[in-house]
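# An overview of the molecular structure
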Amino acid sequence: MRAYKAKAVERISLPDREARDRHLREAGYNVFNLDADAVFVDLLTDSGTGTMSDEQWAALMRGDEAYAGSESFRRLESAVADVMGFERIVPAHQGRGAENVLYGTIISEGDYVPNNTHFDTTRAHVVNSGGEPVDCPVESEAGDPFQGNLDVAAVRDLADEVGAERIPAVVVTITNNSMAGQPVSVENVRAARDVADELDARLVVDACRFAENAYFVRQREPEFEGESVADVAREQLSYADAVVMSGKKDGLANVGGFVGVREDDDELYERTRQRGILYEGFTTYGGMAGRDLEAMAVGLREAVEEAYVESRVEQVAELGELLQEVGVPIRTPTGGHAVYVDAEEFLPSIPRERFPGQALVCELYREGGVRGVELGEFAFPGESRPQLVRLCLPRRTYFRDHLEHVAETFADVAERRGEVSGLEVIDEPEMAELRHFSAELRPVE
Ligand code: F0G
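Just so you know, these numbers come straight off a predicted model, no measurement behind them.

So, on to the overall build of the chain. A count of helical and extended segments in the chain gives 16 helices and 14 strands. For 445 residues, the compact-globule estimate of 2.2 N^0.38 gives 22 Å, and the C-alpha radius of gyration of the chain, at 21 Å, lies within 12% of that figure. When the backbone C-alpha atoms are referred to their principal axes, the chain occupies close to 60 × 55 × 45 Å. Long-range pairs, those at least 24 residues apart, make up 72% of the contacts in the chain with a sequence separation of at least 6. If you sum the accessible surface of the chain, you get close to 17800 Å²; carbon and sulfur atoms cover 45% of it.

Moving on to the site of the ligand. Near the ligand, the surroundings consist of 17 residues, among which Thr45, Arg96, Asp206, Ser246 and Lys249 are the closest. The separation between an oxygen atom of the ligand and a polar main-chain atom of Gly95 is 2.8 Å. Measuring from an oxygen atom of the ligand, one finds a side-chain N or O atom of Arg390 at 2.7 Å. Look at the ligand: alone it shows 470 Å² of surface, and the protein chains cover 94% of it. With respect to the pocket detection grid, the ligand is positioned in the largest cavity. With 3 residues, the single largest contributor to the shell around the ligand is helix H4 (residues 95-106). In the shell around the ligand, the residues fall into 2 nonpolar, 8 polar and 7 charged.

Per the domain assignment, the segments of the chain are domain 1 (17-39 + 305-444) and domain 2 (54-303). A straight line from the C-alpha centre of domain 1 to that of domain 2 covers 27 Å. Opposite the 28 residues of domain 1 that make contact, domain 2 presents 33 residues. Buried area between domain 1 and domain 2, summed over both chains or domains, comes out near 2500 Å², and the portion from carbon and sulfur atoms is 53%. On inspection of domain 1 and its partner domain 2, the count reaches 5 salt bridges. The partner of Arg396 in a salt bridge is Glu302, and the shortest N-O contact between them spans 3.1 Å. Viewed at the interface, domain 2 and domain 1 are joined by 20 residue pairs in polar contact (both at pLDDT 80 or more). For the side of domain 1 that touches domain 2, the class distribution of residues is 10 nonpolar, 6 polar and 12 charged.

Enumeration according to the criterion identifies 39 salt bridges in this entry. A salt bridge links Arg395 to Asp46; its shortest N-O distance comes to 3.0 Å. Separated by 349 residues along the polypeptide, Arg395 in the loop between strand S12 (388-392) and helix H15 (400-415) and Asp46 in the loop between strand S1 (41-42) and helix H2 (54-60) bring together distant segments of the chain. For the pair Arg395 and Asp46, one class covers both residues: buried. One network of salt bridges, in which partners are shared, links Arg17, Asp21, Glu363, Arg366, Glu367 and Arg416.

Once that is clear, we can look at the nonpolar core. Among soluble globular proteins, nonpolar side chains are generally buried collectively. Met84, Val170, Phe210, Leu237 and Phe258 are the most contacted members of the largest nonpolar core, which totals 58 residues. Here this core spans two domains, since at least three of its residues come from each of domain 1 (17-39 + 305-444) and domain 2 (54-303). Dropping the residues within four chain positions of it, Phe210 is found in contact with Val83, Met84, Ile174, Ala233, Leu237, Met245, Asp250, Leu300 and Val304.

So, about the packing of aromatic side chains. Applying the stated criterion to the full structure yields 6 aromatic pairs. Summarising the aromatic geometry, the rings of Tyr67 and Tyr285 are spaced 5.0 Å apart at their centres and angled 65° between planes, so their arrangement reads as edge-to-face. In this pair, Tyr67 sits in the loop between H2 and helix H3 (71-84) while Tyr285 sits in the loop between helix H10 (266-279) and helix H11 (290-303), placing the two residues 218 residues apart along the sequence. Judged by relative accessible area, which is 53%, Tyr67 ranks as exposed. On the basis of an interplanar angle of 80° and a centroid distance of 5.6 Å, the ring pair of Phe346 and Phe410 is categorised as edge-to-face. Taken together, the positions of Phe346 in helix H13 (residues 343-346) and Phe410 in helix H15 put the pair 64 residues apart, joining distant regions of the chain. Judged by its relative accessible area of 0%, Phe410 falls in the buried class. An aromatic cluster is present here, built from Tyr67, Phe282 and Tyr285 joined pairwise through their rings. Between Arg385 and the ring centre of Phe380, over which it is positioned, the NZ or CZ distance is 4.1 Å.

The subject of this paragraph is the side chain of Glu377. Tracing the chain through its elements places Glu377 in the loop between strand S11 (373-375) and S12. At 4.6 Å, Arg352 is the nearest oppositely charged side chain to Glu377, a buried residue that forms no salt bridge. Looking at Glu377, its side chain comes within polar contact range of the main-chain nitrogen of Gly382, at 3.4 Å. If we ignore the near neighbours within four places in the chain, the residues touching Glu377 are Arg352, Phe355, Gly382, Glu383, Gln387 and Arg435.

What follows concerns empty space enclosed by the protein. If you walk through the whole model with that rule in mind, you get 3 cavities of 30 Å³ or more. Estimated volume of the largest cavity: approximately 170 Å³. Contributions of two or more residues to the lining of the largest cavity are made by H4 and strand S7 (242-246). Residues of the lining of the largest cavity, tallied by class, amount to 5 nonpolar, 8 polar and 6 charged. Considering only enclosed or pocket space, the second largest cavity measures out at about 60 Å³ in volume. Around the second largest cavity sit Asp46, Thr49, Gly50, Thr51, Met52, Lys248, Lys249, Leu252, Ala253, Asn254, Arg395 and Arg396, which together line it.

Thresholds, definitions, all that
- Here the residue numbers are simple positions, counted from 1 along each chain's written sequence.
- Per-residue local features are limited, in this predicted model, to residues with pLDDT of at least 70; the limit for side-chain atom pairs, both in listing and counting, is 80 or more; totals at the level of whole chains, interfaces and linings are taken over all residues.
- The side-chain numbers reported here are obtained from all heavy atoms of the structure, hydrogens and water having been left aside.
- Counting from the N terminus, the helices are the DSSP runs of H or I reaching at least four residues and the strands are the DSSP runs of E reaching at least two.
- Here the globule rule is a power law, 2.2 Å times the number of residues to the power 0.38, and the radius of gyration is based on C-alpha atoms.
- By definition, residues are in contact when any of their heavy atoms lie within 4.5 Å.
- With residues, only the protein chains shown are counted as cover, and all accessible areas are computed by Shrake-Rupley using a 1.4 Å probe.
- A cutoff of 4 Å decides nearness: a residue is near a molecule or strand if any of its heavy atoms lies inside that distance of it.
- Residues adjacent in sequence count toward polar contacts only when both atoms are side-chain atoms; beyond that, a polar contact is any pair of N or O atoms within 3.5 Å, and within protein one must be able to donate a hydrogen and the other to accept it.
- For each structure, a 1 Å grid was placed over the protein atoms alone; sets of points admitting a 1.4 Å probe that cannot get out are labelled cavities, open sets with protein on both sides within 12 Å along at least five of seven lines are labelled pockets, and lining residues have an atom within 4 Å of a point.
- Throughout, a molecule is located in a cavity or pocket provided that more than half of its atoms lie within 2 Å of its grid points.
- We call Asp, Glu, Lys and Arg charged. Ala, Val, Leu, Ile, Met, Phe, Trp, Tyr, Cys and Pro are nonpolar, and the rest, Gly among them, are polar.
- Each domain span listed reflects an automatic or database assignment of domains.
- Buried area: the accessible area, evaluated with a 1.4 Å probe, that two parts lose upon being put together, summed over both parts.
- Every case where a carboxyl oxygen of Asp or Glu lies within 4 Å of a side-chain nitrogen of Lys or Arg is listed as a salt bridge.
- Burial status follows relative accessibility: with a 1.4 Å probe on protein chains alone, a residue under 20% of its type maximum counts as buried, one over 50% as exposed, and anything between as partly exposed.
- Remark: nonpolar core denotes a set of buried residues (Ala, Val, Leu, Ile, Met, Phe, Trp, Tyr, Cys) joined through side-chain atoms within 4.5 Å.
- A pair of aromatic rings is counted whenever rings of Phe, Tyr or Trp (Trp by its six-membered ring) have centres within 6.5 Å, and the orientation is called stacked for planes under 30 degrees apart, edge-to-face for over 60 and tilted otherwise.
- Whether a charge lies above a ring is judged from NZ of Lys or CZ of Arg, which has to be within 6 Å of the ring centre and within 35 degrees of the ring normal.
- His is not counted, nor are the chain ends, whereas Lys and Arg count as positive and Asp and Glu as negative.
- Grid points are joined across faces, edges and corners, and a volume is the space filled by probe spheres set on the points.

Here it is in structure tokens:
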């Protein structure tokens with residue numbers, strides 16, 4: 001049961017079929033190019049797209065827009081200290097701004113950075129800082145409780161191969177967005193801490209979805225049974241030397257982010273602050289308005305409220321169940337923020353090089369005005385990985401009938417799956433890591 005009700009609403013509508021066909025064509029078969037008002041149920045991302053609470057809207061009015069020493073910044077600092085245990089933060093306009101500040105500070109040319117799985121912007125920032133991103137996900141099977149974990153042995157092997165001195169940081173992304181939003185156990189973060197100590201490297205946690213992850217830990221890791229989500233979250237983050245945070249996820253805000261640094265790490269704090277000034281803005285606003293700082297300060301506290309986080313994770317599970325009822329192959333158990341569909345299994349006649357995931361994303365829009373996102377060969381060119389389509393739920397935004405509409409749309413696409421054609425890329429940007437944001441495609445028979 002959701003522990004909130006709607007106070008403001010936004011009209012949405014489903015354009016007719018002819019209009020949807022036209023929009024798709026004009027978007028170059030890339031749903032990032034669609035106008036949002038042409039989308040009926042928008043499951044592109046959970047990033048900055050959620051619904052703020054009345055408390056957050058009220059807090060906006062308290063925004064202190066001072067360039068330096070804003071009170072709103074102090075309130076954000078104390079929220080981060082209370083909720084995440086980091087006393088020092090360097091604010092940034094969003095998660096990737098924080099990634100630029102942190103990774104640009106600690107990575108040098110020729111370094112290697114192991115991560116359970118790099119998210120696209122993380123990978124791009126590691127590469128941009130001269131480093132080589134190395135994905136080290138655990139091998140897991142459907143049904144495993146912590147499929148998002150870091151393969152700690154793989155990190156040791158990497159160090160043996162390239163030398164520990166070339167690994168400035170070990171990164172753990174919770175939950176593992178690129179691996180179906182699967183959680184990471186506290187035990188795994190402790191093991192990552194140990195390996196970071198052995199290598200004399202920093203342990204960085206990408207904490208975008210730390211509250212959702214803590215909910216799964218409480219549910220699945222026996223040591224934490226009966227504890228509060230807030231306590232689990234603090235425990236899990238306590239092993240990290242630094243966090244990168246996108247406030248657009250578990251900050252429940254529309255924009256914002258920060259790097260969290262330990263109190264005793266003066267050197268890292270000073271260097272990240274300087275880089276923050278260069279790229280994000282002065283150290284007490286970092287690319288955000290004072291009111292944005294306020295919204296995130298309130299949002300972080302709400303993110304670990306039991307009633308909120310339970311209804312959040314359970315709604316994702318509900319979408320997963322509705323899809324399974326109509327025979328859609330999904331990754332199980334469902335993750336914290338999204339349901340991931342196996343597109344190769346759903347559209348078996350489309351070969352990998354014709355982007356079955358992107359073809360499915362296009363059909364979902366054409367059929368029901370539903371927007372998802374491909375996280376397979378199109379988004380990660382040249383990588384051997386499952387061809388997944390992510391259906392990501394904005395926080396506190398959609399109702400059960402929207403989820404039912406998504407399931408019905410899948411059922412309708414399934415009925416004519418033999419007619420769905422594959423795609424080819426006809427125009428793409430220079431940086432391969434960012435291809436799916438702006439490339440254009442066309443259908444091929
Ligand atoms: N790290 C992870 C794990 C993310 O999922 C994201 C963003 C970022 C960093 C970057 O944060 O968007 O605030 O700059 N993920 C969004 C998504 C965009 O759709 O999964 P940002």
